[in-house]
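A closer look at the structure
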2 protein chains.
Amino acid sequence: MMGLILPGVLGIDHIGIAVVDLDSAVKWHEEVLGLKTVHVQEIKSDSVKEVLMQVGDCNGIRNNIQLLSPTNQDSPVGRFLSKHGEGIHHIGYRVADCAQALRHCVTMGVDLIDTEPRLGSAGATVAFIHPKGAFGTLIELVEKVETLSTANGH
Amino acid sequence: MMGLILPGVLGIDHIGIAVVDLDSAVKWHEEVLGLKTVHVQEIKSDSVKEVLMQVGDCNGIRNNIQLLSPTNQDSPVGRFLSKHGEGIHHIGYRVADCAQALRHCVTMGVDLIDTEPRLGSAGATVAFIHPKGAFGTLIELVEKVETLSTANGH
């Protein structure tokens, strides 16, 4: 685990962007920025459909843009769109161990949305930090199995 | 230039976050997320002071968080803070050639803030795409000399 810093942040996993029309947003990011779709999923528990588009690959940690569109207006992304309109919604930091990173946040007195790690998209283990007290920035801590195997392989 | 996609997006250069108190924001990102300051600069033409904090290193492209605080309220970041409060301000995509990426955007009919590349922080060449028509997302295209030398070196 050489090179890991205290809360175990390994890199940027994704930047979440809330959009109304997922197909138009995907087409724009393909045609204007040249990004490629790597994953599509509906996350029923969050009433959201997501498309991950890869930007870079950082020693096995893919940097993605995560386009998010609500399937129900009464959902976190639906309420964000109603209040703010389309735009950047959150930063997903890749961490080695979501539970450990959360414990570090508790020690530091950080306001949390999720007090326990939970299942995110594509089998990831995730937890959200509240934007209040985090400079208005909604932060997701993202643990993925592929990170651990990459970390072990280096 | 193997692996380059059409507009030449190489990776995520930085995520810009607008904050009121730069010192508190740096301290929080150090203590909670373990990020390290790699660059500090006042950009007088934009009336902003920035601190870059490294998150990951993506084949020579550092992923950074760019904390931004205005030195003058009547400035782009000052007006953003007045209107929206603290939060994620923009995405900086690293590109191989800012002028070429801009020409691609013009061809695609994208609304631009900068119609010509200009000097950004730390000697970078940058241009901004307007959030209108880009799903509410302010996008900066960032060309840096270190990218080219890394690209040539591989």
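Here the structure is shown first, and the text comes after it.
Points about the interface of chain B and chain A
Contact with chain B, which involves 44 residues of that partner, is made by 44 residues of chain A. Scanning the region where chain B abuts chain A turns up zero salt bridges. Where the side of chain B that touches chain A is concerned, the elements lending two or more residues are strand S1 (9-18), helix H1 (22-31), strand S3 (48-58), strand S4 (61-70), strand S5 (87-95) and helix H3 (98-107) of chain B. If you tally residues by element for the side of chain B that touches chain A, the top one is S1 of chain B, at six residues. Of the residues that constitute the side of chain B that touches chain A, the class distribution is 25 nonpolar, 14 polar and five charged.

A short note on the relation of the copies chain B and chain A
Rotating chain B by 180 degrees about the axis while translating it 0.0 Å along that axis superimposes it on chain A, leaving an RMSD of 0.0 Å. Here the symmetry operator amounts to a two-fold rotation axis.

So, the side chain of Glu-50 of chain B
Residues and elements named next belong to chain B. One can find Glu-50 in strand S3. One buried charge, Glu-50, has no salt-bridge partner; the nearest side chain with opposite charge is Lys-144, at 7.5 Å. Polar side-chain contacts of Glu-50 include one of 2.9 Å to the side chain of Ser-121.

Let's talk about the environment of Gln-100 of chain A
Residues and elements named next belong to chain A. Along the chain, Gln-100 turns up in helix H3 (residues 98-107). Residue class for Gln-100 comes out partly exposed when judged on its relative accessible area of 36%. Once the C-alpha coordinates of Gln-100 and Pro-117 are considered, the two residues, 17 residues apart in sequence, prove to be 9.7 Å apart.

Criteria and thresholds
Every chain is numbered independently, its residues counted from 1 as its sequence is written. Chains and ligands are labelled by the order in which they are written, letters from A for the one and numbers from 1 for the other. Selection of residues for local features in this predicted model requires a pLDDT of at least 70, selection of side-chain atom pairs for listing and counting requires 80 or more, and totals for whole chains, interfaces and linings are taken over all residues. Each side-chain value is worked out from all heavy atoms of the structure, with water and hydrogens disregarded. In this description, contact between two residues means that some pair of their heavy atoms is separated by no more than 4.5 Å. By convention in these notes, a salt bridge is any Lys or Arg side-chain nitrogen within 4 Å of a carboxyl oxygen on Asp or Glu. Helix and strand assignments come from DSSP, with helices taken as H or I runs of at least 4 residues and strands as E runs of at least 2, each series counted from the N terminus. Polar here means any residue outside two lists: the nonpolar Ala, Val, Leu, Ile, Met, Phe, Trp, Tyr, Cys and Pro, and the charged Asp, Glu, Lys and Arg; Gly therefore counts as polar. Only residues with pLDDT of at least 70 in both copies contribute their C-alpha atoms to the least-squares superposition of the copies. Buried residues are those whose accessible area, probed at 1.4 Å on protein chains only, stays under 20% of the maximum for their type, while exposed residues exceed 50% and partly exposed ones sit between those limits. Counted as positive: Lys and Arg. Counted as negative: Asp and Glu. His and the chain ends are not counted at all. As used in this structure description, the phrase polar contact means that two N or O atoms lie within 3.5 Å; if the pair is within protein, one of them must be able to donate a hydrogen and the other to accept it, and residues adjacent in sequence are counted only when both atoms belong to side chains.

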